[in-house]
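Close look at the chain arrangement
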Amino acid sequence: MLSIPVKKLREGMVVAQSVYSKAGAAFLVKGKPLTAQYIKSLEKIGIPSLSVTSTDPRFNILPPEDVVEEKTRLDAIQKVHDVFKDISEKKEMDPVGLTAVADKLISDIFARHENLIQLTDIRLYDAYTFAHSVNVAVLSAMLGKVEGISEADMRILVLGGLLHDLGKIKVPIQVLNKTGKLTAQEFEAIKAHPTEGFRRIHEFGKMLPKWEILAIIAAQHHEHMDGSGYPKGLRGDQLHRFAKIVAIADVYDALTSERPYKKAYTPSVAYGIMRTNTGHLEPELLEHFFDNVALYPIGAVLKTFYGYGIVTKCEFGHTRTPTIRVFANKKREVLTSPFTIDLKNDSPHVIEKEISGNELMQFTHNLSLDPSKYLA
Ligand SMILES: [Fe+2]
């Protein structure tokens with residue numbers, strides 16, 4: 001998996017991350033080969049870079065399977081968009097449609113239980129909040145599954161994820177996407193969204209199952225375990241368990257997405273950040289969450305104790321120590337006989353770092369080698 005500057009993309013390279021342009025519409029779907037037309041459009045839109053499975057189309061590598069089908073994800077994004085719009089404009093919502101979307105997400109997650117959370121998508125313009133809501137719902141459900149919650153509760157968790165940012169309908173899109181420093185007034189508008197979401201679910205969501213809990217999730221998803229969150233500064237023992245789960249999913253998705261004001265962090269960097277901010281998130285839930293996330297997704301290039309390797313397999317519960325194919329020694333000399341090693345029996349410390357972004361481009365250039373050929 002290589003993140004390539006758009007200028008260096010070539011026809012036939014296989015897309016490794018979907019790009020959503022507006023509610024429920026995929027501009028680019030992962031797994032498809034790039035065309036000249038798409039490359040031109042990406043440049044026009046102003047996307048800086050895109051992940052592809054390999055620089056050489058002949059390798060024909062497909063991206064790893066997602067935990068939900070692309071169609072399920074697109075339908076869900078569209079539905080969240082519609083629900084937000086209906087509440088804002090018509091002062092009504094469609095509880096049956098939204099619950100059906102939640103149920104489809106859950107059935108996909110159970111049917112594809114062997115898949116891990118892999119690379120995230122790219123969201124353009126106003127698609128962010130809707131795609132983010134769906135991702136938070138999926139990530140929350142994945143954690144709920146590890147925690148062994150019932151299927152009925154799973155539904156609440158997914159609906160809670162889909163609606164957690166409902167209060168953002170009151171925040172202007174220019175403020176949500178602002179790259180510069182927020183004014184005090186703009187910051188207040190953003191900080192009001194949990195309470196606003198709580199209020200809207202009370203007003204329009206009473207046809208949804210366990211709507212009181214959905215409202216609590218919206219109200220509490222920015223609270224922290226140590227009381228440093230907002231809006232109320234509640235502490236861990238005052239927080240609903242589902243709000244703690246959604247908070248983890250929310251932070252992870254925000255960190256790993258590209259925003260107008262920040263770059264996307266890799267999953268492993270996000271893991272480091274989330275663990276360092278002790279006091280914000282529930283530590284045990286956090287560790288369980290990362291059992292399900294491909295910290296080093298298939299195709300990631302790692303510098304390890306054994307040399308440089310590309311991740312070929314990543315398993316549930318062993319996401320910190322994947323299987324790699326070592327192709328170069330520590331002096332960056334390409335091996336004549338590359339070898340595969342499962343790091344499961346090693347300490348996570350054998351991984352010195354992940355090579356990504358510009359560093360990876362430079363690295364592959366210097367070696368005159370695209371490591372993804374070891375995946376073919
Ligand atoms: Fe939020």
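Residues numbered from 1 in each chain as written. Predicted model: local features only at pLDDT ≥ 70, side-chain atom pairs only at ≥ 80, totals over all residues.

1. Examining the nonpolar core
- Leu105, Val138, Ala141, Val158, Leu214 and Ile248 are the most contacted members of the largest nonpolar core, which has 96 residues in total.
- A total of 12 residues in this core trace back to one element, the largest contributor, which is helix α4 (residues 127-146).
- Sequence-distant contacts of Leu105, defined by excluding residues within four places in its chain, comprise Val68, Thr72, Ala76, Ala137, Val138, Ala141 and Val158. (Core = buried A, V, L, I, M, F, W, Y, C linked by C-beta atoms within 7 Å. Buried ≥ 20, exposed ≤ 12 C-beta atoms within 10 Å, placed from the backbone. Helix = DSSP H or I, 4+ residues; strand = E, 2+ residues; numbered from the N terminus. Contact = placed C-beta atoms within 7 Å.)

2. Points about the environment of Arg235
- As for its placement among the helices and strands, Arg235 is situated in the loop between α9 (211-220) and α10 (241-256).
- Judged by C-beta crowding, with 14 C-beta atoms within 10 Å, Arg235 ranks as partly exposed.
- Spatially, the C-alpha atom of Arg235 lies 39 Å from that of Lys303, the residues being 68 residues apart in sequence.
- Ignoring anything within four residues of it in the chain, the contact list for Arg235 reads Met225, Asp226 and Gly227.

3. Describing the sheet that holds strand β2 (residues 19-22)
- In spatial order, the strands read β3-β2-β5; together these 3 strands make up an open sheet with mixed pairing. In this open sheet, the two strands that pair with only one neighbour each are β3 (25-28) and β5 (122-123).
- Along the sheet face, α4 touches β2 and β5 and points at about 130° away from the line of β2. (Pairing = 2+ DSSP bridges. Axes fitted to C-alpha atoms, helices over the stretch in contact; angles between N-to-C directions.)

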